[in-house]
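# Structural description and commentary
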Amino acid sequence: MTNTSRFDPDDGATPDDVSDLRWPADPAEIPDWIYTDRRIYDLEQARIFRGHTWNYVALDVELPQPGDYIRSYIGDTPIIVARDADGRVRAFENRCAHRGAEFCKSYRGSTKQFVCPYHQWTYDLSGALVSVPFRRGVKGLGGMPADFELGAHNLRSLNVTTRHGVVFASFQDDIESFEDYLGPEMLDQFDTVFDGRTLKLLGVHRNTLQGNWKLYQENLKDPYHATLLHTYLTTFGLFVAGNKTMIMTDAKGRHSTLCNARPQGRPDNDPSKSEIRSFHAAMQLADPRVIQLIPEKDSPWTSNAITIWPNLILLRQTNILGARQIVPMGPNQFMLIWTTFGFADDSPEMEQHRLRQNNIFGPGGFIGIDDNEAIKFVQDGVMRSVPRHGVAPLGKDEEGPDVVITDRAIRSMYRHYRAEMGL
Amino acid sequence: MTNAAQPAAAQPAPAHAALDPALRRDLCFAVQEFNADYADTLDRGDIEAWPGFFTEDGVYRLIARDNADAGLPLSLMSCEGMGMLKDRAYAIAHTEMFAPRYVLHVISPARVSDYRGGLISAQANYAILETLVDEPTRLLQCGRYRDTFVMHGDRLLLKERNCVYDTVLVPTCVVYPP
Ligand code: FES
Ligand SMILES: [Fe+2]
């Protein structure tokens, strides 16, 4: 019996012919095959995750000392993020240059060098090959060819950048700065979550979701579902239709932010909420500490759900702070890594409050459960039915950020996606 | 290279002074009866009866083994006291959206390691099988209960249950508390 799946073993050659796949003419329509077709999946790995994108890979605070490292991913490629002897953050593929072993099997740790267990090729903290056993063979026989150069067999290293304690990496060297990649509005949102204060790691949740990775990006660009699916939010007054809300994208349409300002105290039962079946003005938590807002930010918003293309969701909700990393695992499955943190200068009470509040998120969270399940429902539908096009028709593209019953951000993501993918 | 997956913080201390064998047998039996009731209640889906297994100040935590080993305090679920236990039970019963499922607990014989000041320290391993409509049964969780019980009248109550799970990569989500 298996607990869950391994990475999809069908790792075929990069496809070149997807000409049988036609995007529908109606801009509100989204074809099923972007969630299920293996060729599309492989093309995404090449053009998006290994293309000109900045991918979230770690928090600085996960690697406080030289020699500290964590396992991470760009797209479905396993990588290692490590702090080298000079204190610089490095990232490289978790694949031995010799026979290909994925040599690092620990979530996190500390080391002076990486030794591949198969034939003990040894790499330093920058990923450079520093020694190979039996280089001259035994008694002068065998061993490496005379012209073997260590430097030609380093781990494949990645372009790394950090901002306010967050580490991003790219397979591409000729890529715009992270700040330009985000654009001014999204950078401002990013800095609302990461304001430069030193973070404190609280822990990590990991789960697999039975769905295509893009469904998770869509979910966070979809304010329509927030008050309809998440009965917990509406039942206990965290987010109800009629709250001050906005959704905004960057100029290219690939990143987005969904912001919400919770009313002080409990919302009244007003008629605009009558369409939300679950809203009970009288419903109170027996222990309201879980949703209690302790003011700590100079921001008009009490929650910011920020999507950074292609693999990061940043969530600030009440006093919860978290980064969710999307790791595709074949067209029909992805992994989510929920890295949860507070600030180094939090009081013990504040840290306890954040931990308590984290009951809302994660794969056992009051909101996390709903989304994880809904994504599986969608994937089951698109995988098993006769293919057709889904629709994202709400709102108009030219409307401003205050119009929130809208699919505008989903459509803008797919405009960008089609351009990147050549579809 | 150090191996960060080595168990550290998650390991309970070994049993303290030897308990009287007859007392240990009685306590083990009582804990096993308790665990059988606990499993039956959750496996029947009676989530709103779940808080009744705890004391008023009872604590429940569901903790990934890698976080426990790294000394990181995050829990997948955490309830401090009856209010939070009841709120979680209410949320699962009335506000969460999830596909209908059967869950089945399999709990190993308990090991009682200490009995002092009215507090019983015990452990048991657990496995939870989950079955969704038209899907093969899968292993949702396996892990260990690290418990502190108190005697309340003629029955035990949990003062603390820490469920430390080895199945770190959670399949989709955990709806019902293990
Ligand atoms: S595969 Fe890594 S040393 Fe041979
Ligand atoms: Fe959601």
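Each chain carries its own residue numbering, running from 1 in the written order of its sequence. Numbering of ligands from 1 and lettering of chains from A proceed in the order in which they are written. Confidence filtering applies because this is a predicted model: local features only for residues at pLDDT of at least 70, side-chain atom pairs given and counted only at 80 or more, and all residues used for totals across whole chains, interfaces and linings. Side-chain calculation: all heavy atoms of the structure are included, whereas hydrogens and water are not.

Per an unreviewed UniProt entry, the recorded name for chain B is SnoaL-like domain-containing protein, and the organism is Rhodoplanes roseus.

Per an unreviewed UniProt entry, chain A carries the name Biphenyl 2,3-dioxygenase and comes from Rhodoplanes roseus. UniProt positions are given in the numbering used here, feature names are shortened, and annotations may be inferred rather than shown by experiment. Under the UniProt heading Cofactor (unreviewed entry), the entry covering chain A gives this text: "Fe cation".

### Description of the layout of surface pockets
To find leftover empty space, a probe the size of one water molecule is rolled over the atoms. Residues and elements named next belong to chain A. Definitions used throughout: a 1 Å grid over protein atoms alone; a cavity as a set of points that fits a 1.4 Å probe which cannot get out; a pocket as an open set with protein on both sides within 12 Å along at least five of seven lines; a lining residue as one with an atom within 4 Å of a point. Grid points are joined across faces, edges and corners, and a volume is the space filled by probe spheres set on the points. Put simply, the second largest pocket is a space of about 550 Å³. Surrounding the second largest pocket, 19 residues form its lining, L215, E218, D222, V378 and V391 being those nearest its centre. In this text, helices come from DSSP runs of H or I with a minimum length of four residues, and strands from runs of E with a minimum of two, each type numbered from the N-terminal end. Sorting the residues of the lining of the second largest pocket by element identifies α4 (214–220), α5 (223–229), α8 (368–384) and β19 (389–391) as the ones contributing at least two each. Looking at which element gives the most residues to the lining of the second largest pocket, the answer is α8, with four residues.

### Quick word on the interface of chain B and chain A
In what follows, residue pairs with any heavy atoms lying within 4.5 Å of each other are defined as contacts. Each partner contributes to the interface: chain B provides 44 residues, whereas chain A provides 55 residues. Accessible area that two parts lose when put together, with a 1.4 Å probe and added across both, is what the buried area reports. Buried area between chain B and chain A, summed over both chains or domains, comes out near 4,200 Å², and the portion from carbon and sulfur atoms is 57%. Between Lys or Arg on one side and Asp or Glu on the other, a salt bridge is scored when a side-chain nitrogen of the former is within 4 Å of a carboxyl oxygen of the latter. Counting across the interface, chain B meets chain A through four salt bridges. A salt bridge links K376 of chain A to E135 of chain B, with the nearest nitrogen and oxygen atoms 2.4 Å apart. We call two N or O atoms a polar contact when they sit within 3.5 Å, provided that within protein one can donate a hydrogen and the other can accept it, with sequence-adjacent residues counted only if both atoms are side-chain atoms. On the surface where chain B and chain A come into contact, there are 20 residue pairs in polar contact (both at pLDDT 80 or more). Residue assignment for the side of chain B that touches chain A shows that the elements contributing at least two residues are α2 (65–69), β2 (77–80), α3 (82–94), β5 (119–132), β6 (138–152) and β8 (169–171) of chain B.

### Section: the coordination of the iron ion (ligand 2)
Ideal geometry at a metal centre: 109.5 degrees between donors when four sit tetrahedrally, and 90 or 180 degrees when six sit octahedrally. Residue and element names in this part refer to chain A. Protein ligation of the iron ion (ligand 2) involves H225 (NE2), H230 (NE2), D371 (OD) and D371 (OD), the donor distances falling in the range 2.1 to 2.3 Å. Around the iron ion (ligand 2) sit four donor atoms; with metal-centred angles ranging over 57 to 146°, the donor geometry is irregular. Coordination of the iron ion (ligand 2) draws on donor residues from a single chain, spaced H-x4-H-x140-D in sequence. Of this pair, H230 sits in the loop between α5 and α6 (231–235) while D371 sits in helix α8, placing them 141 residues apart in sequence. With respect to burial, H230 and D371 carry one shared label: buried. In this analysis a donor is any N, O or S atom within 2.8 Å of a metal ion (3.2 Å for sodium, potassium and calcium), and since water is not included, sites may seem incomplete. Geometry is assigned from the angles between donors: four donors with all angles from 85 to 135 degrees make a tetrahedral site, four or six donors whose opposite pairs exceed 155 degrees while the rest stay between 65 and 115 make square planar or octahedral sites respectively, and everything else is labelled irregular. Partly exposed residues are those whose accessible area sits between 20% and 50% of the maximum for their type, while under 20% is buried and over 50% is exposed, using a 1.4 Å probe and protein chains only.

### What to know about the packing of helix α2 (residues 38–49) of chain A against helix α9 (residues 408–421) of chain A
Residue and element names in this part refer to chain A. For the pair α2 and α9, the least separation of the axes is 10 Å and the interaxial angle reads 85°. In terms of orientation, α2 lies roughly perpendicular with respect to α9. When α2 is examined against α9, the residues I40, L43, E44, R47 and I48 are found in contact with a partner set consisting of Y417, E420 and M421. An axis is simply a line fitted to the C-alpha atoms; with a helix, the fit covers only the stretch in contact. Between two such axes, the angle follows the N-to-C directions and lies from 0 to 180 degrees. Oblique is the label for any angle not covered by the other classes, which are roughly parallel (under 35 degrees), roughly antiparallel (over 145) and roughly perpendicular (65 to 115).

### Quick notes on empty space enclosed by the protein
Residue and element names in this part refer to chain A. This model, assessed by the stated rule, comprises four cavities of 30 Å³ or more. Size it by volume and the largest cavity reaches roughly 230 Å³. Taken together, 16 residues make up the lining of the largest cavity; nearest its centre are L220, L233, L258, A305 and L315. Every element with two or more residues in the lining of the largest cavity is listed here: α4, α5, β15 (303–308) and β16 (312–317). A breakdown of the residues in the lining of the largest cavity according to their chemical character gives nine nonpolar, five polar and two charged. When its volume is computed, the second largest cavity comes out at roughly 100 Å³. Residue assignment for the lining of the second largest cavity shows that the elements contributing at least two residues are β2 (55–59), β3 (68–74), β12 (199–209) and β18 (334–343). Amino acids are sorted into nonpolar (Ala, Val, Leu, Ile, Met, Phe, Trp, Tyr, Cys and Pro), charged (Asp, Glu, Lys and Arg) and polar (every other residue, Gly among them).

### Thoughts on the domain arrangement of chain A
All names here are of chain A. Along its sequence, chain A is carved into domain 1 (55–160) and domain 2 (184–421). Using C-alpha coordinates to define each centre, domain 1 is positioned 36 Å away from domain 2. On the side of domain 2, 17 residues touch domain 1, which itself brings twelve residues to the contact. Of the roughly 1,200 Å² buried between domain 1 and domain 2 on both sides combined, carbon and sulfur atoms contribute 65%. Looking at the side of domain 1 facing domain 2, the largest losses of area belong to Y56, L59 and Y73, adding up to 46% of the total buried there. For the pair domain 1 and domain 2, the number of links is zero salt bridges. Counting across the domain 1 and domain 2 interface gives four residue pairs in polar contact (both at pLDDT 80 or more). Those elements that provide at least two residues to the side of domain 1 that touches domain 2 are β2 and β3. For the side of domain 1 that touches domain 2, the class distribution of residues is six nonpolar, three polar and three charged. Note: domain ranges come from an automatic or database domain assignment.

### Re the nonpolar core
Nonpolar cores were defined as sets of buried Ala, Val, Leu, Ile, Met, Phe, Trp, Tyr and Cys residues, with membership established by side-chain atoms within 4.5 Å. Membership of the largest hydrophobic core comes to 136 residues, with the highest contact counts inside it found for V81 and Y232 of chain A together with Y38, W50 and Y60 of chain B. For this core, the leading source of residues is helix α3 (residues 178–193) of chain A, giving seven residues. There are two domains that each give this core at least three residues, and those are domain 1 (55–160) and domain 2 (184–421) of chain A. Judged by nonpolar contacts, the second largest core, of 17 residues, contains I80, A82, F114 and V132 of chain A.

### Here's the deal with the sheet that holds β12 of chain A
Overall, mixed pairing links the eight strands, which are arranged β13(A)-β14(A)-β15(A)-β16(A)-β17(A)-β18(A)-β12(A)-β8(B) in an open sheet. The outermost strands of the open sheet, each flanked by one partner alone, are β13 (244–249) of chain A together with β8 of chain B. Ignoring which end each strand starts from, the neighbouring axes of this sheet average 15° apart. Pairing between two strands requires that DSSP report at least two bridges joining them. Here strand β14 (residues 256–261) of chain A runs beside β15 of chain A; their pairing, made up of five bridges, is antiparallel. By the bridge assignment for β15 of chain A, L258 of chain A is matched with A305 of chain A.

### A closer look at helix α7 (residues 348–357) of chain A
The α-helix winds at 3.6 residues per turn, so residues separated by three or four positions along the chain end up facing the same way. Taken across its ten residues, α7 of chain A has seven buried, putting it largely inside the fold. Buried within α7 of chain A we find M350, E351, H353, R354, L355, R356 and Q357 of chain A. Contacts from the buried residues of α7 of chain A go to β12, β16, β17 (320–328) and β18 of chain A together with β2 and α3 of chain B.

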